[in-house]
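Architecture and fold: a report
Now for the letters of each chain:
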Amino acid sequence: GPDVLLLHGLGGTRASLFETAGALSRNYRVHAPDLPGFGSSSKPALGSYNAGWFADTLLGFMDELGIESAHLVGNSMGGRIAIEIGLRSPDRVTSLGLLCPAVAWIKRGFHPIVRLLRPEFGLLPHGFRRSTVASQFWSIFHDRDSIDPAVGELMVDEFRRIYHSAGARYAFLASARNIYLEAPFGSSGFYPRLARLQPPALFVWGSHDGLVPAKFSRQVQRWLPQAEQVTLENCGHVPQVERAEETNQLLMRFFAEVEGASAPGLPAAARRTWAA
């Protein structure tokens, strides 16, 4: 079937999208890569690890696989990268399924400090205590009972294993820094550029997302009013894991509508949020 490209979030790997890949693969040809700098992919020392760099890399990835256009699904940082691909090469994007995308922060109180924290410090040997990684991992979910504890522990250990690589540390810190420092407004700011997004877009927010709160839907509504927005109740930052069934239904319905096919309505657990 049509191609779908799945893009994971900061600090994650393609494993966070395996359930989505399984659901979509019944009707689509699904690609779920580890982004460069993460998981098992190479970690270029000269990578800039910003949205533009990731977008160019993934367009090259699509060229290598002979993918003329695809539905793009991205969670968190992956959502921001998907938006960038849509802005740079709209003809290559059939639609955008954006799961708690890392849009630009409006209030950036730590901006001066973050600018001083260079990602090159990641090249110095260091690590995080397991308890610290575990605490941060579980904080991205609202309903922790919906996550298999064994899977959660595996993900914590996998992050710590990968983070032992200097290249992975640099990629993680550079990516996080670029996300936080992105200007929201101005001639080249994120939101004025978002207003020029052409491919159909579905934004899925989590009602209890502490990293990218659902209130960002108001900015999306202001700058991209034609986009569809849905908030999943009792959901954190990773809806494709925490609310997999609802999220997959939303994506499949949206893709079908974009392709001009009939599709079921929204799942009962979701509600549209059209900000005033």
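Residues numbered from 1 in each chain as written. Predicted model: local features only at pLDDT ≥ 70, side-chain atom pairs only at ≥ 80, totals over all residues. Heavy atoms only, no water.

Quick look at the side chain of S16
Note the following rule: Each helix is a run of H or I in the DSSP string that is no shorter than four residues. Each strand is a run of E no shorter than two, and both are numbered from the N terminus. Think of a polar contact as two N or O atoms within 3.5 Å of one another; within protein, one of them needs to be a possible hydrogen donor and the other a possible acceptor, and neighboring residues in sequence only count if both atoms come from side chains. Any two residues having at least one pair of non-hydrogen atoms within 4.5 Å are treated as being in contact.
As for its position among the elements, S16 is in the loop between β1 (3-7) and α1 (18-24). There is a polar contact of 3.0 Å between the side chain of S16 and the backbone oxygen of T13. With residues up to four places along the chain from it excluded, the contact list for S16 reads H8, Q240 and V241.

Details of the confidence of the model for the chain
Where we set the bar: Every residue gets a pLDDT, meaning the predictor's confidence in that residue, from 0 to 100.
Overall, the predicted model of the chain reaches an average pLDDT of 91, with 91% of residues at or above 70. Low pLDDT, under 50, characterises residues 266-276; the stretch is placed with 32 contacts to residues that sit more than four places away or in other chains.

A closer look at the nonpolar core
To be explicit about the condition: We define a nonpolar core as any set of buried Ala, Val, Leu, Ile, Met, Phe, Trp, Tyr and Cys residues linked to one another through side-chain atoms lying within 4.5 Å. Residue burial is assigned from relative accessible area. The probe radius is 1.4 Å, only protein chains are included, and a residue is buried under 20% of its type maximum, exposed over 50%, and partly exposed in between.
Grouped together as the largest cluster of nonpolar side chains are 54 residues, with contacts concentrated most on L194 and F203. With 6 residues, helix α3 (residues 77-88) is the largest single contributor of residues to this core. In this view, F203 contacts I83, L98, P101, L194, V220, L224, A227, E228, Q229 and V230; residues no more than four positions away in its chain are not counted. In terms of nonpolar packing, the next biggest core, distinct from the first, is built from 18 residues, L6, V230, L232 and C235 among them.

A short note on the packing of helix α5 (residues 130-139) against helix α6 (residues 149-163)
Which entries qualify depends on this criterion: To define axes, lines are fitted to C-alpha atoms, for helices over the stretch in contact only, and angles between the resulting N-to-C directions are given on a 0 to 180 degree scale. Every angle not falling under 35 degrees, over 145, or within 65 to 115 is termed oblique; those three ranges are roughly parallel, roughly antiparallel and roughly perpendicular. The crossing is said to be left-handed when, going from far helix to near helix, the turn is anticlockwise and less than a right angle, and right-handed when the turn is clockwise. By the convention adopted, Pro, Cys, Tyr, Trp, Phe, Met, Ile, Leu, Val and Ala count as nonpolar, Lys, Arg, Asp and Glu as charged, and the other residues, Gly among them, as polar.
Running from amino to carboxyl end, α5 crosses α6 at an angle of 125°, the nearest separation of the two axes being 10 Å. Here α6 runs oblique to α5, going by the angle between their axes. Here the hand of the crossing between α5 and α6 comes out right-handed. Along its contact with α5, which presents R130, V133, A134, F137 and W138, the element α6 presents P149, G152, E153, M155, V156, D157, F159 and R160. The class makeup of the residues in the contact of α5 with α6 is 8 nonpolar, 1 polar and 4 charged.

Some words on the pattern of salt bridges
What counts here: Note on definitions: salt bridges are taken to be side-chain nitrogens of Lys or Arg within 4 Å of carboxyl oxygens of Asp or Glu.
Applying the stated criterion across every chain, the model contains 13 salt bridges. Two residues, R193 and E84, come together in a salt bridge whose shortest N-O distance is 2.9 Å. Within this pair, whereas R193 is found in helix α8 (residues 190-194), its partner E84 is found in helix α3, the two being separated by 109 residues in sequence. Notably, a salt bridge pairs E228 with R253, separated by 2.7 Å at the nearest N-O pair. In this pair, E228 sits in strand β6 (residues 228-232) while R253 sits in helix α11 (residues 244-258), placing the two residues 25 residues apart along the sequence. Neither residue differs from the other here; E228 and R253 are each classed as buried. Here the salt bridges share partners, and the residues they tie into one network are D56, R80, E84, R88, E182 and R193.

Considering the pairing of β1
Basically, it comes down to this: When DSSP finds two or more bridges between a pair of strands, those strands are recorded as paired. The handedness rule is simple: strands pointing away from the viewer, and a clockwise path from the first strand over the helix to the second, make the crossover right-handed.
Among the 5 residues of β1, 5 are classified as buried, and the element is accordingly described as predominantly covered. Covered by surrounding structure in β1 are D3, L5 and L7 together with V4 and L6, the residues of both alternating faces. Summarising the sheet, β1 and strand β2 (residues 29-31) pair through 3 bridges and their orientation is parallel. Following the sheet pairing, L5 is matched in β2 by H31. A crossover links β1 with its parallel partner β2, the connecting element being α1, and its sense is right-handed.

Some thoughts on the environment of S187
Relative to the elements of secondary structure, S187 occurs in the loop between α7 (166-181) and α8. Exposure remark for S187: the relative accessible area of 73% places this residue in the exposed category. Each C-alpha atom of the pair S187 and R144 lies 41 Å from the other, and the pair is 43 residues apart in sequence.

Points about unusual backbone geometry
In this structure, Y49 takes a positive phi of about 55° despite not being glycine. Turning to its location among the elements, Y49 is positioned in the loop between β2 and α2 (51-64). Positioned with a positive phi, N234 is a non-glycine residue whose angle comes to about 55°. Residue position: N234 is located in the loop between β6 and α10 (239-242). Judged by relative accessible area, which is 38%, N234 ranks as partly exposed.

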